[in-house]
Amino acid sequence: MIKTIFETDLPVDEQFSIKKNTITNGSGKKRICIVTGTHGDELEGQFICFQLQKEILEEIDMLDGTVEVYPALNPMGIDSITRGIPNFDLDMNRIFPGNPEGTVAEQTAAAIVADLSGADLVIDIHSSNIFLREVPQARINVMTAETLVPYARHMNVNFIWVHDAATVLEATLAHSLNSRGTPTIVVELGVGMRINHYYGKNMVLGIKNLMKEMGMWKGQVDSSRIVEPIVSQGDSVSFVNAPASGIFSTETHNESIVEEGDSLGQIIDPLSGAVIEDVKAPCRGYLFTIRAYPVCYEGSLLARIHRLV
Amino acid sequence: MESPYRDTFRIWGYRFGIGEKTLAIVGAMRGDEVHQQFVCAQLVSKLESMERDGMIAPGQEILVIPSANPFSMNVEKRFWALDGTDINRMFPGYDLGETTQRIASGVFEAIKDYKYGIQLASSYQTGEFMPHVRLLKTGFEDVETAKLFGLPYVYVRAPKPFDTTTLNYNWQIWDTKACSIYAGKNNDVSPEACQVPVNAIMRFIVNVGIADFASGANRPSFNTIVLDDQDLVTINSPAAGIFQNLCSPGHEVSKGEIIARIIDPYDGSVRSEIASPCDGVVFHLLGKPLTLLHTPIFMIRKYQ
C-alpha cells in the first residue's frame, strides 16, 4: 500500500510529497524499513527498492512481518540530478532530526524520522557520490557497533567499517534514529549516477538473508552467495589523497588486496603526455574505495585501504 | 596549487605595517561573494595610501586576503567547482586532507595568530540584512570590540552544528577576536553598497589604535544595539507562491502592519497577507521572488 508521509505545496502548481510502500503479510510484528534517495545523485538504492519488492511479492507467502520501502527521501534532488535539496542548497543528510515547525526541508526530515521511529531495523542505502566507487559496505559508528554489527554481518556486504566516535555526524538520519532507539545501518555501494545490477542483486539477497535471521522471511536464501565481511575497527583505514592535480588514470579494481608500494594508478597530464605521479599503496590491505571520476586536484580522495598485517 | 586545465590556484595576501600581527581581513570565500571581494579591494587601496602617508601605527601589521577562492568566482560557481564543497565548512582545515580542506588549512595558517579577525561573510539565507557585526556565542565572543565598528547592530548568534567548521567559529576558538560583517548583497558592487562596510572597517581600524587616521574617526557611526536570538522574531511564509515584499531592511513596522503578500502565480490572487507580529524593525528579508511554505521570509528586530 502506497502512502504519502509528507506533502506540501510548491510555489507553482505542484505538490511535493514523500511516499512509502508498505508490504505486510502473516502475523509477525517485525518491521524493516529500506530508505534511500537522500542524495539526489545516488541511484543504486532505486534498483534495490524495485528488486526487493519484486522478489518479495513473487513469494509473498514467505513474508512474516512488514517491509516498508522509502525510495526517495529527496525526490526533487533525484529528479533534477542534484545531490542536495535543490531549493535550499542543503545536504539533506545534515538536517535530521528536522523540525515539524521549521522550513519545508526541516518538516520533511521530521516527518521521515517520525515515520521510521519504532522500526525493528532501518537500512539507509547510499551510493557514494560521482567521484568514488565503493564496494558494498556497512558503515557503523563505534557507539552502536555492538547492536548493529551482528545485523550487518548477515547483509551480504563485503566490508563493515566501524567508525570512530569522533566522526559521528549528528545531523544524519542514521544518528538521529539510532539515538532514538531505532537501529539504523548505513550502507554504501557503487558510484553516483549509475546502477550496478550485480551489487544491487547481492544487496537484495543480503536484505532477505537478514530478514530470515530476524524471523521475517521463510523463503529460501542461497547461503552460498552470502559473503563473510571484513570488519574494520579502530582506525585501520588509510586514506590516499592525490599528491598532485591532473587526470587520475587507473585500471585498479576495488575489492582487491594490494601490497605496500603497488601502483593504484597514475596522475597524468594529457597536454604534455607526462606522468605527474605514480600513486602507490601506502600499506598492504583491502582496497574498498577507488576514485571513479578522473579529474583530480591536489588532495582529492583517490582510494581507501583497510590495513592488513 | 596546480590545476589540471587552468592557471595555478593562488591566494594573495596584502600586508600593511610591520610588527605584531594585529588585524586580518578575509574577503570572498565563495564564488558569488563579489561584494565582499570588492570591499577588500577598496580597503587594500585605502591601506596602501595610509601606509604611504605613514598613518599606520608603528609595530602593527594588517593582512588583507581579498579572495580565498578566485577559481569559483571565475566560473561563477558559489562553491568549489569540481566537487561542490564549501571552503567555509572546512575550517580549521587539514593540510593532508581533501582539496578544500587544504585550502582552508593554508588560509587558517596565515591568519590564525592575528589579534583581530574580520570576515566579510555571506549567509546561507538569501536576501538583505540590516548592516551588522555577527559573533558566534562560543564563550570567546567579544561584544565590546564588535561595537567599535559603529554599525547599527551586533548580533550574537548561538552556533548551529555546521558553524563549528566555519572560519568565524574556529578563529574565536584559536583566540582571535573574530567577527563577520554582513552589510550588502553578494553581487552588488555599487558604491552605496560598499561604503557601509568600508567605513565600518576603517572606523574599527582607528578605534582599536591600528591607525591614527582622522577621517576614519570622523566617519558617522551608530549607537550600536546588541541583539541575540531572543531579540529577533522570524516570520515563516504561511503559503507557497510569489513573495511580494512591501518593505526593506531598516523599515520600521507596527504590530499588525501588512509587510508582504504571497501571490498565486497563475491568477494573481492574494494567497496570504503577512502582518508583522510585533512593533520593530525589519532586520532581514527573503531575497527571492518565490517562496515555499514555512520558509523564513523576515526577521524582525522587536522593540521591547
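Remember, predicted model here, so these are calculated numbers, not experimental data.

1. Brief notes about the overall build of chain A
- Along chain A, the regular secondary structure elements total 6 helices and 17 strands.
- Against the compact-globule benchmark of 19 Å for 309 residues, chain A has a radius of gyration of 20 Å, which places it among compact chains.
- For chain A, the C-alpha atoms occupy an extent of roughly 60 × 50 × 35 Å along the three principal directions.
- Evaluated residue by residue, chain A yields a buried proportion of 55% over its 309 residues.
- If you take every contact in chain A between residues at least 6 apart in sequence, the share linking residues at least 24 apart comes to 69%.
- Of the roughly 13100 Å² of accessible surface on chain A, a fraction of 50% belongs to carbon and sulfur atoms.
- With 24 positive and 39 negative side-chain charges, chain A shows a separation of 6 Å between the mean positions of the two kinds.

2. Thoughts on the domain arrangement of chain B
Residue and element names in this part refer to chain B.
- For chain B, the assigned domains read domain 1 (14-223) and domain 2 (231-302).
- Here domain 1 and domain 2 have C-alpha centroids that lie 30 Å from each other.
- In this assembly, 9 residues from domain 1 lie in contact with 13 residues from domain 2.
- Across the domain 1 to domain 2 interface the summed buried area is about 990 Å²; carbon plus sulfur atoms make up 69%.
- At the junction of domain 1 and domain 2, the tally comes to 0 salt bridges.
- Across the side of domain 1 that touches domain 2, the residue classes tally to 4 nonpolar, 4 polar and 1 charged.

3. Comments concerning the nonpolar core
- With 43 residues, the main nonpolar core has Ile32, Ile123 and Met211 of chain A as its most contacted residues.
- Here the element with the most residues in this core is helix α6 (residues 197-213) of chain A; it accounts for 7 residues.
- Split by domain, the residues of this core number at least three in each of domain 1 (2-232) and domain 2 (237-307) of chain A.
- Not counting chain neighbours up to four residues away, the residues in contact with Ile123 of chain A comprise Ile32, Cys33, Ile34, Val35, Met155, Ile185, Val187, Ile207 and Leu210 of chain A.
- Leu23, Met50, Ala200 and Ile201 of chain B belong to the second-largest nonpolar core, a separate cluster that totals 34 residues.

4. Side note on helix α3 (residues 104-116) of chain A
Residues and elements named next belong to chain A.
- If you check α3, its first and last C-alpha atoms are 18 Å apart, about what 13 residues at 1.5 Å a residue would give, namely 18 Å.
- Most of α3 is tucked away, with 10 of its 13 residues classed as buried.
- Buried within α3 we find Val104, Ala105, Gln107, Thr108, Ala109, Ala110, Ala111, Ile112, Val113 and Leu116.
- If you follow the buried residues of α3, they end up packed against β1 (2-10), β2 (14-25), β3 (31-36), β4 (65-70), β5 (121-126) and α5 (173-179).
- Remark: Gly118 follows α3 within two positions and exhibits a positive phi of approximately 95°.

5. Some remarks on the interface of chain A and chain B
- Each partner contributes to the interface: chain A provides 30 residues, whereas chain B provides 29 residues.
- Here chain A meets chain B over a buried area of about 2300 Å², counting both sides, of which 62% is carbon and sulfur.
- Looking at the side of chain A facing chain B, the largest losses of area belong to Pro11, Tyr297 and Glu298 of chain A, adding up to 29% of the total buried there.
- On inspection of chain A and its partner chain B, the count reaches 1 salt bridge.

6. Quick notes on the side chain of Asp32 of chain B
All names here are of chain B.
- With respect to the helices and strands, the residue Asp32 is situated in the loop between β2 (19-28) and α1 (34-52).
- There is a polar contact of 3.0 Å between the side chain of Asp32 and the side chain of Arg78.
- In this view, Asp32 contacts Lys77, Arg78, Asn186 and Asn187; residues no more than four positions away in its chain are not counted.

7. Considering the sheet that holds strand β13 (residues 258-263) of chain B
Residues and elements named next belong to chain B.
- If you trace the 4 strands from one edge of the open sheet to the other, you get β14-β13-β11-β16, paired in antiparallel fashion. Whereas interior strands pair on both sides, the edge strands pair on one side only; in this sheet they are β14 (270-275) and β16 (290-291).
- Examined bridge by bridge, β13 and β14 share 5 bridges and lie antiparallel to one another. Residue pairing in the sheet places Arg261 in a bridge with Glu273 of β14.

8. Considering the side chain of Thr184 of chain A
All names here are of chain A.
- On the secondary structure map, Thr184 appears in strand β8 (residues 184-190).
- A polar contact is formed between the side chain of Thr184 and the backbone oxygen of Thr182, at a distance of 3.0 Å.
- Those residues in contact with Thr184 that sit more than four places away from it in its chain are Val122, Asp124, Leu148, Ala174, Leu177 and Asn178.

9. Re the pairing of β13 of chain B
Residue and element names in this part refer to chain B.
- Relative to β13, strand β11 (residues 241-245) runs antiparallel, the two sharing 4 bridges. Its bridge partner lying in β13, Gln244 is registered against Arg261.
- Linkage of β13 to β14, two consecutive antiparallel strands, is achieved through a turn of 6 residues, within which Gly268 is found at a positive phi near 75°.

Calculation notes
Residues numbered from 1 in each chain as written. Chains lettered and ligands numbered in written order. Predicted model: local features only at pLDDT ≥ 70, side-chain atom pairs only at ≥ 80, totals over all residues. Heavy atoms only, no water. Helix = DSSP H or I, 4+ residues; strand = E, 2+ residues; numbered from the N terminus. Rg over C-alpha atoms; globule rule 2.2 N^0.38 Å. Buried < 20%, exposed > 50% of the residue type's maximum accessible area, 1.4 Å probe, protein only. Contact = heavy atoms within 4.5 Å. Areas by Shrake-Rupley, 256 points an atom, 1.4 Å probe, with all protein chains shown as cover. Lys, Arg positive; Asp, Glu negative; His and termini not counted. Charge placed at Lys NZ, Arg CZ, Asp CG, Glu CD. Domains from an automatic or database assignment. Buried area = accessible area lost by both parts, 1.4 Å probe. Salt bridge = Lys/Arg side-chain N within 4 Å of Asp/Glu carboxyl O. Nonpolar A, V, L, I, M, F, W, Y, C, P; charged D, E, K, R; others polar. Core = buried A, V, L, I, M, F, W, Y, C linked by side-chain atoms within 4.5 Å. Expected span 1.5 Å × (residues − 1). Polar contact = N/O pair within 3.5 Å; in protein donor to acceptor, adjacent residues only side chain to side chain. Pairing = 2+ DSSP bridges.

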